[in-house]
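Chain by chain, the residues run as shown.
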Amino acid sequence: MREFSVRSEILDFDPYTPGLTIEQIRERYGLANVIKLASNENPLGASPVVQKVMAKNLDRIFRYPENNTPKLVTEISKHIGVPRESILVGNGSDEIIDMLFRMKARPGVSNVIGYEHSFAMYRMCAKLAGVEYREVKRGDPFELPLDKLAKAADENTAMVFVTSPDNPTGQAASVEDLSVLAGVLPKDCLLVVDEAYIDFVWPPESYTPVQAYDKFDNLVVLRTFSKAYGLAGLRVGYGILPPKLLGYLKNARIPFTVNLLAEEAAIAALNDDAFYNETLQVVMSGREYFMEALPKIGCKVYPSQANFVMFEPTKPAQTVFKSLLKKGIIVRPLGSFGLGKMIRVTIGTEAENKQFIKALGEVLGA
Ligand SMILES: *Cc1c(COP(=O)(O)O)cnc(C)c1O
């Protein structure tokens, strides 16, 4: 076999580690029932309304989709009260993150800032784009150090990333703090607020800067259909961006990255209030249950505004993770986030949550 040279200098990072799949664990341990609480997916599964809409559109898949999903942009615009010119739909919000890096960060010149223990995509995209990624230390207990982010920025800082609510800690930044941060960043620097879990905060107006979007000229907000809307497998997300920047991204993007069925599904999901509200209800009551049940079996649990909670078990996280796997429960140990003692568990259905707590109690001997 021939060995080809590649730009290996951009590859020296740990590849993204996804959560294990149900099929992998079924096979490995010969289990019939496996529960996955590892990737913050929707506990209710796929909405029947969305499934019907997709089935109805199946005969259209020989056509190309409309580029930049104009129908979905209109629906999102109506839904969140932001003009169409500021909305860009992507193949997951991950695609928007990737586009932002390629458009805004200059290889070898720019730097990008985020805090430690955050979503691996930011660091990975920085590496691939050939730009410095500055990781800002957190305080204890994992507060979001917005003032420290501002201090780390200089005239070459292209973007500052804040995940709010945060993955994996579950903490959320207030809209006041985000506004202050947006105001003090250097002139050419974007504040990118990744709101993948914004649906699960209460009350939303205290956390999302989107309501006052027109007050900012350096704000990008990222949202996704992967979590609260239950469409992780279809890959749809969107960004809210200053219109001029959005225009550049649109011109430079690969056409048709969001497929025709995904667009129809996302439109249906946005209008499926019953499924959305039930999701929020299941997540919020499950979150309360975990906050109560985890300390009872000796775990230190961190308050969460997302659809998961982070906790520290009384035995090594990796051991607990493996013992739970053997019992058919997949959770997410946080070693890849630099939090080797912690585990993140996604909120499931009431029955799944109970089964998880029971199994964890057995594993911990509590
Ligand atoms: C899940 C998640 C996303 C969403 O990614 P998609 O590409 O839209 O599926 C973005 N950011 C964070 C921090 C996440 O946890």
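In what follows, the structure referred to is the one given above.
If you're wondering where the values come from, they're calculated on a predicted model, not measured in any experiment.

On to the sheet that holds strand β5 (residues 157–163), then. Reading across the sheet, the seven strands line up as β2-β8-β7-β6-β5-β3-β4 and stay open at both edges, with mixed pairing between neighbours. Looking at strand neighbours, the two that pair on one side only are β2 (87–90) and β4 (132–136), the edges of this open sheet. Strand after strand, the sheet turns through a mean of 20° between neighbouring axes, direction not considered. In the packing of helix α3 (residues 70–80) onto the sheet, contacts are made with β2, β7 (219–224) and β8 (237–240), and the angle to β2 comes to roughly 125°. Running at roughly 150° to β4, helix α5 (residues 120–129) makes contact with β4, β5 and β6 (190–194) of the sheet.

Before going further, it helps to spend a moment on the packing of aromatic side chains. Across all of its chains, the model carries twelve aromatic pairs by this definition. Between Y122 and F161, the aromatic rings sit 4.5 Å apart at their centres with planes inclined by 25°, giving stacked as the arrangement. Pair noted here: Y122 is in helix α5 and F161 is in strand β5, with a separation of 39 residues, a long-range link. Y122 sits in the buried class, given a relative accessible area of 0%. A network of ring pairs unites the aromatic residues F101, F119, Y122 and F161 as a single cluster. The lysine or arginine in question, R344, covers the ring of F308, its NZ or CZ lying 5.6 Å from the ring centre.

Let's shift gears to the environment of N33. Mapping N33 onto the fold places it in the loop between α1 (22–29) and β1 (35–36). In this structure, the C-alpha to C-alpha distance between N33 and T224, residues 191 residues apart in sequence, is 29 Å.

Checked against the element boundaries, R287 lands in helix α10 (residues 273–296). Side-chain polar atoms of R287 contact the backbone oxygen of Q305, separated by 3.4 Å. The residues touching R287, leaving out its near neighbours within four places in the chain, are F200, S304, Q305, A306, V309 and I347.

This part takes up the sheet that holds strand β9 (residues 300–301). Across the sheet, four strands lie side by side as β9-β10-β13-β12; this open sheet has antiparallel pairing. Two strands bound the open sheet, and with one partner strand each, they are β9 and β12 (332–333). With two bridges joining them, β9 and strand β10 (residues 308–312) adopt antiparallel strand pairing. Pairing of V301 across the sheet is with F311, part of β10. Relative to the sheet, α10 contacts β9, β10 and β13 (343–346), its axis offset from that of β10 by approximately 10°.

Listed in full, the buried residues belonging to helix α11 (residues 317–326) are A317, V320, F321, L324 and L325. All buried residues of α11 lie within an arc of 140° about the axis, which places them on one face of the element. Contact partners of the buried residues in α11: α1, β11 (329–330), β12, β13 and α12 (350–364).

Time to look at α10. The terminal C-alpha atoms of α10, which comprises 24 residues, lie 35 Å apart, in line with the 34 Å expected from a rise of 1.5 Å per residue. Residues F275, Y276, T279, L280, V282, V283, G286, R287, F290, A293 and L294 constitute the buried set of α10. Buried residues in α10 make contact with β9, β10, β13 and α12. Within two residues after α10, G298 carries a phi angle of roughly 90°, on the positive side.

Taken as a whole and judged by the stated rule, the model has 17 salt bridges. Here E132 makes a salt bridge to R134, at a shortest N to O gap of 3.0 Å. Overall, the relative accessible area of 41% leaves E132 in the partly exposed class. Judged by relative accessible area, R134 falls into the partly exposed class, the value being 21%. Between E362 and K327 there is a salt bridge whose closest N-O contact spans 2.7 Å. Taken together, the residues span a long stretch of sequence, with E362 in helix α12 and K327 in the loop between α11 and β11 at a distance of 35 residues. Residue classification places K327 among the partly exposed residues on the basis of a relative accessible area of 39%. Here the salt bridges do not stand alone but share partners, grouping R60, K71 and E264 into one network.

How each quantity is defined
Residues numbered from 1 in each chain as written. Predicted model: local features only at pLDDT ≥ 70, side-chain atom pairs only at ≥ 80, totals over all residues. Heavy atoms only, no water. Pairing = 2+ DSSP bridges. Helix = DSSP H or I, 4+ residues; strand = E, 2+ residues; numbered from the N terminus. Axes fitted to C-alpha atoms, helices over the stretch in contact; angles between N-to-C directions. Contact = heavy atoms within 4.5 Å. Phe/Tyr/Trp six-rings, centres within 6.5 Å; stacked < 30°, edge-to-face > 60°. Buried < 20%, exposed > 50% of the residue type's maximum accessible area, 1.4 Å probe, protein only. Lys NZ or Arg CZ within 6 Å of the ring centre and 35° of its normal. Polar contact = N/O pair within 3.5 Å; in protein donor to acceptor, adjacent residues only side chain to side chain. Arc of directions from axis to C-beta. Expected span 1.5 Å × (residues − 1). Salt bridge = Lys/Arg side-chain N within 4 Å of Asp/Glu carboxyl O.

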